Amino acid sequence: MEKLHQHGIVLATQVNTRTDAMQVARDGVDLIVVQGTEAGGHVTGQVSTLPLLQAVLDTVQVPVLVAGGIASPRGVAAALAAGAEGVWVGTALLASPECENAEQARARIVQAGETDTILTRAFDVAQGLAWPAQYPGRALRNRFTDQWHSQIDALPQANEARQQLAEAIASKNYDLAYIYAGEAVGLVTRQQSAADVIQHLGDGAERLLRDRFAMLLEGHEALLEE
Ligand SMILES: Cc1cc2nc3c(=O)[nH]c(=O)nc-3n(C[C@H](O)[C@H](O)[C@H](O)COP(=O)(O)O)c2cc1C
């Protein structure tokens, strides 16, 4: 870290526990990304975004970004109001044309609701990928997870199922193949360019912060005057 800082390189790291946030703050990281278990893709730890964010903001002095479950202006406004410097989104962009998803995958993302994801090792184990056991991935539930999530230990020997998964990935058959996505997938309801998604998040959050704060604080002052 010292060497990188000497060369003017800014360091950010994603953490999933308060302990790790304290460790990287001590190590001198410049920016911490707090990632809760709602997030899409591979994720570790057991704590959701909001409790983890509060714990980390109370504990470290390093600038914090929030990741996991944010895909609308309300989430951005909440994160900023809590004291985060910004948000870090993945799932919000999954239906954007800039994302390398197939059209069939984008259609599923747009249709999926917030209860349609699962945190599972099934896809990694079936593909023989070396993700550590404490790093499952959050993906859309499908026929493959319905069958194999509860029988992970049997997967390494299930050659037929593994072969079927490989073929499904190649042919973009998402009844079996994976689409990694977070719980915020329920908020992704149309295909929009990445620029439009980001613009909407920023503009909407700004409006919410202005209106809500004005209303809440004016209401509070009116009460004090009574
Ligand atoms: C499809 C997908 C792939 C991801 N791949 C990575 C990755 O390679 N490395 C990483 O640090 N985070 C990865 N993430 C996690 C993001 O960095 C981020 O923490 C997460 O998307 C935020 O939560 P959200 O999905 O609810 O927006 C991935 C997320 C998704 C949805």
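Residues numbered from 1 in each chain as written. Predicted model: local features only at pLDDT ≥ 70, side-chain atom pairs only at ≥ 80, totals over all residues. Heavy atoms only, no water.

Enquirer: I would appreciate a short explanation of the overall build of the chain in the present structure.
Expert: Helix and strand counts for the chain come out as nine helices and seven strands. Seen through its C-alpha atoms, the chain measures out along the principal axes to roughly 70 × 45 × 35 Å. Across the 226 residues of the chain, 39% fall into the buried class. Of the roughly 12,800 Å² that the chain leaves accessible, carbon and sulfur atoms contribute 50%. (Helix = DSSP H or I, 4+ residues; strand = E, 2+ residues; numbered from the N terminus. Buried < 20%, exposed > 50% of the residue type's maximum accessible area, 1.4 Å probe, protein only. Areas by Shrake-Rupley, 256 points an atom, 1.4 Å probe, with all protein chains shown as cover.)

Enquirer: Explain the layout of surface pockets here, please?
Expert: Left-over empty space is what a probe sized like a water molecule reveals as it rolls over the atoms. Taken as a whole, the largest pocket holds about 220 Å³ of empty space. Forming the walls of the largest pocket are 14 residues, and the residues nearest its centre are Ala71, Leu187, Val188, Gln192 and His200. The element that contributes the greatest number of residues to the lining of the largest pocket is helix α9 (residues 194-225), accounting for three residues. Classifying every residue of the lining of the largest pocket by side-chain character gives eight nonpolar, five polar and one charged. (1 Å grid on protein atoms, 1.4 Å probe; cavity = no way out; pocket = protein on both sides within 12 Å on 5 of 7 lines; lining within 4 Å. Points joined across faces, edges and corners; volume = space filled by probe spheres on them. Nonpolar A, V, L, I, M, F, W, Y, C, P; charged D, E, K, R; others polar.)

Enquirer: Hey, could you run me through the domain arrangement of the chain in this one?
Expert: The parts lose accessible area when they come together, and the size of an interface is often stated as this lost area. For the chain, the domain assignment lists domain 1 (2-91 + 198-211) and domain 2 (103-186). Computed over C-alpha atoms only, the centres of domain 1 and domain 2 are separated by 26 Å. Counting from both sides, the interface comprises twelve residues of domain 1 and, opposite them, 14 residues of domain 2. Scanning the region where domain 1 abuts domain 2 turns up zero salt bridges. (Domains from an automatic or database assignment. Contact = heavy atoms within 4.5 Å. Salt bridge = Lys/Arg side-chain N within 4 Å of Asp/Glu carboxyl O.)

Enquirer: What am I meant to see in helix α3 (residues 49-59) here?
Expert: Residues spaced three or four apart along an α-helix face the same direction, because each turn holds 3.6 residues. When we look at burial in α3, the residues that qualify are Thr49, Leu52, Leu53, Ala55 and Val56. Relative to the axis of α3, the buried residues are bounded by an arc of 170 degrees and lie together on one face. Seen from the open side of α3, the exposed residues pointing more than 90 degrees away from its buried face are Leu50 and Asp58. (Arc of directions from axis to C-beta.)

Enquirer: So what exactly am I meant to see when it comes to the sheet that holds strand β2 (residues 31-35) here?
Expert: Within a sheet, adjacent strands bond to each other through the backbone by hydrogen bonds, running parallel or antiparallel. With parallel pairing, four strands are arranged side by side in an open sheet as β1-β2-β4-β5. Only two strands of the sheet have a single partner each, and these edge strands are β1 (12-15) and β5 (86-88). With direction set aside, neighbouring strand axes in the sheet form an average angle of 30 degrees. Running over the sheet, helix α2 (residues 18-27) touches β1 and β2 and is turned about 160 degrees from β1. Across the face of the sheet, α3 comes into contact with β1, β2 and β4 (64-67) while running at roughly 170 degrees to β4. (Pairing = 2+ DSSP bridges. Axes fitted to C-alpha atoms, helices over the stretch in contact; angles between N-to-C directions.)

Enquirer: Help me out: how do you make sense of the site of the ligand in this one?
Expert: Residues in close proximity to the ligand include Gln14, Gln35, Ala39, Gly40, Ala67, Gly68, Gly69, Trp88, Val89, Gly90, Thr91 and Tyr180, which together make up its full environment. Within the side chain of Gln35, a nitrogen or oxygen atom sits 2.9 Å from an oxygen atom of the ligand. Here an oxygen atom of the ligand sits 2.7 Å away from a polar atom, N or O, in the main chain of Gly69. Protein chains bury 65% of the 590 Å² of accessible surface belonging to the ligand in isolation. Of the residues that constitute the shell around the ligand, the class distribution is five nonpolar, seven polar and no charged. (Near = heavy atom within 4 Å. Polar contact = N/O pair within 3.5 Å; in protein donor to acceptor, adjacent residues only side chain to side chain.)

Enquirer: Would you mind showing me how to read the sheet that holds strand β3 (residues 41-42) here?
Expert: The three strands lie next to each other as β3-β7-β6, forming an open sheet whose pairing is antiparallel. Two strands in the sheet have a free side with no partner beyond their single neighbour: β3 and β6 (117-120). The pairing of β3 with strand β7 (residues 137-140) spans two bridges and is antiparallel. Bridge pairing in β7 places His42 opposite Gly137.

Enquirer: I tried to follow the environment of Ile32 on my own but got confused; where do I start?
Expert: Here Ile32 shows up in strand β2. Look at Ile32 and you get buried, because its relative accessible area is 0%. The residues contacting Ile32, other than those within four sequence positions of it, are Thr13, Val15, Ala21, Val24, Ala25, Val60, Val62, Pro63, Val64 and Leu65.

Enquirer: I keep staring at the packing of α2 against α3 and nothing clicks. Help me out?
Expert: For any two helices packed against each other, the geometry is given by the interaxial angle and the distance between the axes. One can describe the packing of α2 onto α3 by two numbers: an axis separation of 9 Å at closest approach and a directional angle of 35 degrees. Both α2 and α3 take part in a crossing whose hand is right-handed. For the pair α2 and α3, the contacting residues are Arg18, Ala21 and Met22 in the first and Leu52, Ala55, Val56 and Thr59 in the second. Of the residues that constitute the contact of α2 with α3, the class distribution is five nonpolar, one polar and one charged. (Left-handed = near helix turned anticlockwise from the far one by under 90°.)

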